[in-house]
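Chain residues, written in single-letter form:
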Amino acid sequence: MSRSKPIAVVSGVAVAAVLLGVVSYTATKPASPGAAGSSSVAEVSADPSAGVYAELEAYARRDASDKLALGRADAPVVLIEYADFKCGYCGKFARDTEPVLIEKYVDNGTLRIEWRNFPIFGEESEAVARASWAAGQQGRFWEFHKAAYAEGAKEKGFGKDRIAALAKEAGVPDAARFARDSEGAAARAAVSADQEQGYSLGATSTPSFLINGRPIAGAQPLETFTETIEAAAKAARSAKAPKVPKPSEPSEPAKPSESADGAAKPGPDAAR
C-alpha cells in the first residue's frame with residue numbers, strides 16, 4: 001500500500017477532529033438567558049461536497065448484523081451518532097429529531113442510523129452504555145434506547161436497579177442473560193471500541209455525528225439534519241449515475257487548398 005492513502009486518511013480525521021473540537025461546546029451549550037436565538041446552528045452548504053471528508057465515510061460499518069443500527073445496510077446515507085445516555089441534548093435529539101428522520105428517511109431506505117456508545121459522564125454512563133449493548137444482543141437495543149431517553153429518565157439515574165427496570169420496560173426477554181452480558185468482557189470491548197472511534201474524530205461532547213463523512217456537533221435543529229441527509233443522498237445518486245458519453249461530432253471533409261495564384265488544388269483524397 002502506498003504511503004499517500006494513510007496520510008490522506010489521517011488528514012481527513014485531523015480536520016474533522018479540529019472541527020468537532022471547536023464546535024462541540026458552542027453547539028451543545030444551553031442558550032444564554034434572554035437570547036433571541038441560537039448562534040450554534042451548523043451551516044449546511046447547497047454544495048453536496050462542502051464540509052465532507054470522504055475518508056470518514058469508512059467509519060460507517062454497514063454491517064447487516066449490527067444490532068445497534070437501524071435501516072438498510074446498503075442505504076445511500078449513513079448517520080453515525082456518538083452519544084451518552086446521561087446527556088440531556090442526546091435525549092432531546094432522540095425524542096424530537098430522530099423519530100422524524102426515521103419516518104422520513106430510514107423507512108424509505110434512504111438513511112441508516114448507526115449508534116456508537118460514547119459515555120463521558122462517569123461510571124453510570126459506562127454502565128448504561130454496556131446495558132444498551134446487552135439489550136441489543138437480545139434484539140431490544142432501540143426499545144432500551146427509547147426507554148433510557150424518555151422524558152425524565154435521566155433524572156432517575158442509571159444505577160443497577162434502574163437499569164434492570166429499563167430492560168424490563170424495553171421487553172428484554174432474558175433478564176439473567178442481560179445482567180451477565182452487561183458486565184461481560186464483550187460489552188466492555190464494544191463500548192471501548194466506540195469510544196476510541198469517537199475520540200479519534202475529536203468528539204469532546206455529545207451528541208456528535210457523521211453523515212456520509214460530514215461532521216456535525218450538537219443537537220442541531222431538524223433542518224440541519226434534513227438538509228445534510230438530502231445533500232448526501234443527492235451526492236450518492238450522482239456518484240452512481242452512469243456516465244453517458246457525448247456523441248462524437250462528425251469530422252469535416254478536407255477542403256481543397258488554394259495555390260499561390262488562387263487556383264484550387266485537389267485535396268489529399270482526390271484521385272491521382
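Look above for the structure.
(A) Spatial organisation of the packing of helix 3 (residues 123-137) against helix 7 (residues 185-200). Close contact between helix 3 and helix 7 brings their axes to 9 Å; oriented N to C, the two are set at 110°. Viewed along their axes, helix 3 and helix 7 adopt a mutual orientation that is roughly perpendicular. Counted together, Glu126, Ala129, Arg130 and Trp133 of helix 3 and Ala186, Ala187, Arg188, Ala190, Val191 and Gln195 of helix 7 form the full contact between these two elements. Class assignment of the residues belonging to the contact of helix 3 with helix 7 gives a composition of 6 nonpolar, 1 polar and 3 charged.

(B) Focus on the packing of helix 4 (residues 141-148) against helix 5 (residues 160-169). The contact between helix 4 and helix 5 brings their axes to 8 Å, and the two run at 125°. Taken together, the axis directions place helix 4 and helix 5 in an arrangement best described as oblique. You can see that helix 4 and helix 5 cross each other, and the crossing is right-handed. Between helix 4, through Phe144, Ala147 and Ala148, and helix 5, the contact on the second element is made entirely by Ile163, Leu166, Ala167 and Glu169. Considering only residue class, the contact of helix 4 with helix 5 consists of 6 nonpolar, no polar and 1 charged.

Rules behind the numbers
- Residues numbered from 1 in each chain as written.
- Predicted model: local features only at pLDDT ≥ 70, side-chain atom pairs only at ≥ 80, totals over all residues.
- Heavy atoms only, no water.
- Axes fitted to C-alpha atoms, helices over the stretch in contact; angles between N-to-C directions.
- Helix = DSSP H or I, 4+ residues; strand = E, 2+ residues; numbered from the N terminus.
- Parallel < 35°, antiparallel > 145°, perpendicular 65-115°, else oblique.
- Contact = heavy atoms within 4.5 Å.
- Nonpolar A, V, L, I, M, F, W, Y, C, P; charged D, E, K, R; others polar.
- Left-handed = near helix turned anticlockwise from the far one by under 90°.

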